[in-house]
Amino acid sequence: MNIVDDLYVKFMLSGNNYMNMVKPCWKPSVEGDVRKTGDQSGRTDGLLWYKDLGSHVSGEFSMAVIQANNLLEDQSQVESGPLSSMNSGPYGTFIGVYDGHGGPETSRFVNENLFPNLKKFASEDQEMSASVIKRAFLATEEEFLSVVKEQWRICPQIASVGTCCLVGVISNGLVYVANAGDSRVVLGRAERGVRGVSAIQLSTEHNASFASVRDELRSLHPDDPKIVVLKHNVWRVKGIIQVSRSIGDAYLKKSEFNREPLLAKFRVGPFSKQILIPEPSIFIHKLNPRDQFLIFASDGLWEHLSNEEAVDIVHSYPRSGIARRLVKTALQIAAKKREMRYSDLKKIDRGVRRHFHDDITVVVMFLDPPLTNRGPVRSLPFSIKGGQGLPRTNRS
Amino acid sequence: MGNRGFLIKHRVSSLFRRVYRQTQSPAGYRRLDRSPRCMSIFLKWGARLKKKAIALCSKSSGLPRNPVLGKCLEPPRAAVPKGKMAVYVGQKDGDFKRVLVPVIYINHPLFGQLLREAEEEYGHDHPGGITIPCRFSDFENVKTRIAAVCGFRKMLTWKHS
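Residues numbered from 1 in each chain as written. Chains lettered and ligands numbered in written order. Predicted model: local features only at pLDDT ≥ 70, side-chain atom pairs only at ≥ 80, totals over all residues. Heavy atoms only, no water.

Novice: Can you walk me through the overall build of chain B in this structure?
Specialist: For chain B, the helix and strand inventory stands at five helices and five strands. Scanning chain B from its N terminus toward the C terminus, one meets helices and strands in the order α-α-β-β-β-β-α-α-β-α. Considering chain B as a whole, with its 161 residues, one finds that 24% of them fall into the buried category. The contacts of chain B with a sequence gap of at least 6 include a subset with a gap of at least 24, amounting to 45%. (Helix = DSSP H or I, 4+ residues; strand = E, 2+ residues; numbered from the N terminus. Buried < 20%, exposed > 50% of the residue type's maximum accessible area, 1.4 Å probe, protein only. Contact = heavy atoms within 4.5 Å.)

Novice: Would you explain the state of the cysteines in this entry?
Specialist: When the sulfur atoms of two cysteines share a covalent bond, that bond is a disulfide. A full pass over the atoms with the stated rule returns zero disulfides over all chains. You can see Cys-164 of chain A has no disulfide; the closest cysteine sulfur is in Cys-165 of chain A, sitting 8.5 Å from it. (Disulfide = S-S within 2.5 Å.)

Novice: Where do I start with the packing of helix H8 (residues 307-316) of chain A against helix H9 (residues 322-337) of chain A in this structure?
Specialist: Helix packing geometry: the angle between the two helix axes and the distance between the axes. Residues and elements named next belong to chain A. Packing of H8 against H9 leaves a shortest axis separation of 10 Å and a crossing angle of 140°. Of the possible angle classes, the one that applies to H8 and H9 is oblique. The interaxial crossing formed by H8 with H9 has right-handed handedness. Counting all contacts with H8, which are made through Ala-310, Ile-313 and Val-314, the residues of H9 involved are Ile-322, Arg-325, Leu-326 and Thr-329. Among the residues forming the contact of H8 with H9, the class breakdown is five nonpolar, one polar and one charged. (Axes fitted to C-alpha atoms, helices over the stretch in contact; angles between N-to-C directions. Parallel < 35°, antiparallel > 145°, perpendicular 65-115°, else oblique. Left-handed = near helix turned anticlockwise from the far one by under 90°. Nonpolar A, V, L, I, M, F, W, Y, C, P; charged D, E, K, R; others polar.)

Novice: I keep staring at the sheet that holds strand E9 (residues 197-201) of chain A and nothing clicks. Help me out?
Specialist: Backbone hydrogen bonds hold the strands of a sheet together, and the pairing may be parallel or antiparallel. Residue and element names in this part refer to chain A. What the seven strands build is an open sheet, ordered E1-E2-E3-E15-E14-E8-E9; its pairing is antiparallel. The sheet is open, and its two edges are formed by strand E1 (43-45) and E9, each paired on a single side. Strand after strand, the sheet turns through a mean of 20° between neighbouring axes, direction not considered. Pairing between strand E8 (residues 184-190) and E9: five bridges, direction antiparallel. (Pairing = 2+ DSSP bridges.)

Novice: It is not clear to me how unusual backbone geometry should be interpreted in this structure. Could you clarify?
Specialist: When glycine is set aside, most residues are seen to have a negative phi, and most peptide bonds are trans. Residues and elements named next belong to chain A. Going from Glu-260 to Pro-261, the amide bond is cis rather than trans, its omega being 10°. Examined against the element boundaries, Pro-261 turns out to sit in the loop between strand E12 (247-248) and strand E13 (281-286). A positive phi angle is found at Gln-126, which is not glycine, with a value near 60°. With respect to the helices and strands, Gln-126 occurs in the loop between helix H4 (105-125) and helix H5 (130-151). Even without glycine at this site, Asn-172 takes up a positive phi of about 60°. Note that Asn-172 resides in the loop between strand E6 (162-171) and strand E7 (174-180).

Novice: So what exactly am I meant to see when it comes to H5 of chain A here?
Specialist: Helical geometry: 3.6 residues make up each α-helical turn, so side chains three or four residues apart lie on a common side. All names here are of chain A. Counted at 1.5 Å a residue, the expected span for H5 with its 22 residues is 32 Å, and the 32 Å between its end C-alpha atoms agrees. Where H5 is concerned, the buried positions are Val-132, Ile-133, Ala-136, Phe-137, Ala-139, Thr-140, Glu-141, Phe-144, Leu-145 and Val-148. Among the structural elements, H4, E6, E7, E12 and E13 are those in contact with the buried residues of H5. (Expected span 1.5 Å × (residues − 1).)

Novice: How should I be thinking about the interface of chain B and chain A in this particular structure?
Specialist: The interface is formed by 35 residues belonging to chain B together with 27 residues belonging to chain A. Of the roughly 2,700 Å² buried at the junction of chain B and chain A (both faces included), carbon and sulfur atoms supply 55%. Applying the counting rule to chain B against chain A returns one salt bridge. Note that Arg-98 of chain B and Glu-339 of chain A form a salt bridge whose closest N and O atoms lie 2.8 Å from each other. Counting the contacts that link chain B with chain A gives eight residue pairs in polar contact (both at pLDDT 80 or more). Looking at the side of chain B that touches chain A, the elements that each hand over two or more residues are strand E2 (71-72), strand E3 (84-89), helix H3 (103-106) and helix H4 (109-122) of chain B. (Buried area = accessible area lost by both parts, 1.4 Å probe. Salt bridge = Lys/Arg side-chain N within 4 Å of Asp/Glu carboxyl O. Polar contact = N/O pair within 3.5 Å; in protein donor to acceptor, adjacent residues only side chain to side chain.)

Novice: Is there a simple way to explain the packing of H4 of chain A against H5 of chain A in this structure?
Specialist: Residues and elements named next belong to chain A. Two elements in contact, H4 and H5, have axes separated by 8 Å at closest approach and are oriented at 135°. If you check the angle between H4 and H5, you find them oblique. Handedness of the crossing formed by H4 with H5: right-handed. Counted together, Glu-105, Thr-106, Phe-109, Val-110, Asn-113, Leu-114, Asn-117, Leu-118, Phe-121, Ala-122, Glu-124 and Asp-125 of H4 and Ser-131, Val-132, Ile-133, Arg-135, Ala-136, Phe-137, Ala-139, Thr-140, Glu-143, Phe-144 and Val-147 of H5 form the full contact between these two elements. Among the residues forming the contact of H4 with H5, the class breakdown is 13 nonpolar, five polar and five charged.

Novice: Would you take a moment to explain the pattern of salt bridges for this structure?
Specialist: Two side chains of opposite charge can pair, provided their charged atoms sit close to one another. All names here are of chain A. For the structure shown, the criterion picks out 15 salt bridges over all chains. Here Asp-52 ties to Arg-324 by a salt bridge, and the two come within 2.6 Å at their closest N and O atoms. In this pair, Asp-52 is assigned in strand E2 (residues 48-56) and Arg-324 in helix H9, connecting sequence segments 272 residues apart. Residue classification places Asp-52 among the buried residues on the basis of a relative accessible area of 6%. Here Arg-189 ties to Asp-291 by a salt bridge, and the two come within 2.7 Å at their closest N and O atoms.

Novice: I keep staring at the sheet that holds strand E4 (residues 97-102) of chain B and nothing clicks. Help me out?
Specialist: All names here are of chain B. With mixed pairing, three strands are arranged side by side in an open sheet as E4-E3-E5. Strands at the two margins of the open sheet, each flanked by one partner only, are E4 and strand E5 (130-132). Within this sheet the neighbouring strands show an average axis-to-axis angle of 40°, counted without direction. In this sheet, E4 lies alongside E3 in antiparallel orientation, the contact comprising six bridges. Within E4, the residue paired with Tyr-88 across the bridge is Arg-98.

Novice: What exactly am I supposed to notice about the side chain of Asp-359 of chain A here?
Specialist: Residues and elements named next belong to chain A. Tracing the chain through its elements places Asp-359 in the loop between helix H10 (342-345) and strand E15 (360-366). Buried charged residue Asp-359 carries no salt bridge. Nearest counter-charge: Arg-354, at 6.4 Å. A distance of 3.0 Å separates a polar side-chain atom of Asp-359 from the backbone nitrogen of Asn-69. Among the polar contacts made by the side chain of Asp-359, one reaches the main-chain amide nitrogen of Asp-74 at a distance of 3.4 Å. The residues contacting Asp-359, other than those within four sequence positions of it, are Ile-66, Gln-67, Ala-68, Asn-69, Leu-71, Leu-72, Glu-73, Asp-74, Ser-298 and Gly-300. (Lys, Arg positive; Asp, Glu negative; His and termini not counted.)

Pasting the structure below:
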């Protein structure tokens, strides 16, 4: 009773605080109708972040992120509006999914710097092109390696942090897909005469589990018999890492970062040619009126769902919250694999969660035909970063 | 779903039609075996209803049945009870024991140590249930220690309220 009295007195004395506590109750509820209120920054629910529905230049999008690592290593962004620093330059939507490994530093760096670099090169060329995207990747890599060089003395572990990098640019009726690593983008296309939507994968993956990737590595390093090694039934580059292309991972790019005081498990001996490369595979797709949506996701989703299953789900359920539904379906399958219930999986803390599933990022972009034939309406520029508000510091 | 369900309406109406027709029999005589036959039809119908209901329930029990993927997300083996998960304990080349562990134990630091060992041995992306490479007695030991801590906490919260 004493506590209750105390609280009562406190409320009476500080009317301001009381108002602050009550105010949220008066705000209109935005649950389930994000479109009207324009909830810009998304919402969080435990380790889940989501933006159920938003608008981009050529349609709507849905986004969701689930955290498994102690620090979220997946980063993502959607940028809609001008794709260069000039008003007359290319216009459209940029999507980035960055699946970090070894820590969150590189993926966070790329999330901040890749898009500005892309805008810079697009301004120089006055257009969007594969070359602009590739130069943006390489410039971001150079910038990060110079950060590693600066911090190497204080924090040598920065040399072992890297990120996969998947970028999509929708502009002028084209989709540019640039990928370095093992994230994936799948197109859902309505089929003529048949109900349902077919799945077309637009990205090329660089994971040593593919024979083509191992062959590429062996041909690039003919004098190294241990360039790919089978370990724990998984193919790994130098027995360490599964992806063959990435931004960061300085210890496999430059020999100067592959020595003490870096941890012994990352040291591979001197090398002259970089082992991992930052160049993305780029694919340009001309949009067809039957193209309905694109699903961008980190490999955390694709280890549980096939392209067809993901496309079927997006096709059969309402748009709002579709990314969250894909994440939930993946988690239900993850729970089943670990012989537990989905409701119980949600009780597992971050960090420990990594034993059950990886960080998962999903961005679904709906490709709506423009209302007029004049091309996309020049709406206000829009920018959102995935996972805002999820825990960003180490557990104490 | 269509082929597994059935229309109760049809069953009920045909049953009533049968009963009604027999009571309104124009021949004016009563079948001697009427009531037992009627009962047996009713009982048979009841039994069939029960069987279908059980089949339906066992298929759809455990919420996550995904209509798109069309497959049950619950494991087909003995279902894991709520709040628990299965882990496999054992050392290489030996046989593994399947143990049900309360999910809240997994977050405990002592269990975290076991999980790190599992990660070193099998990696994160090990297919199937979590496999812990240690002696069964060591595992039981850790489990008892965590259980003791959890039990103690429960007692504390009891005293508070």
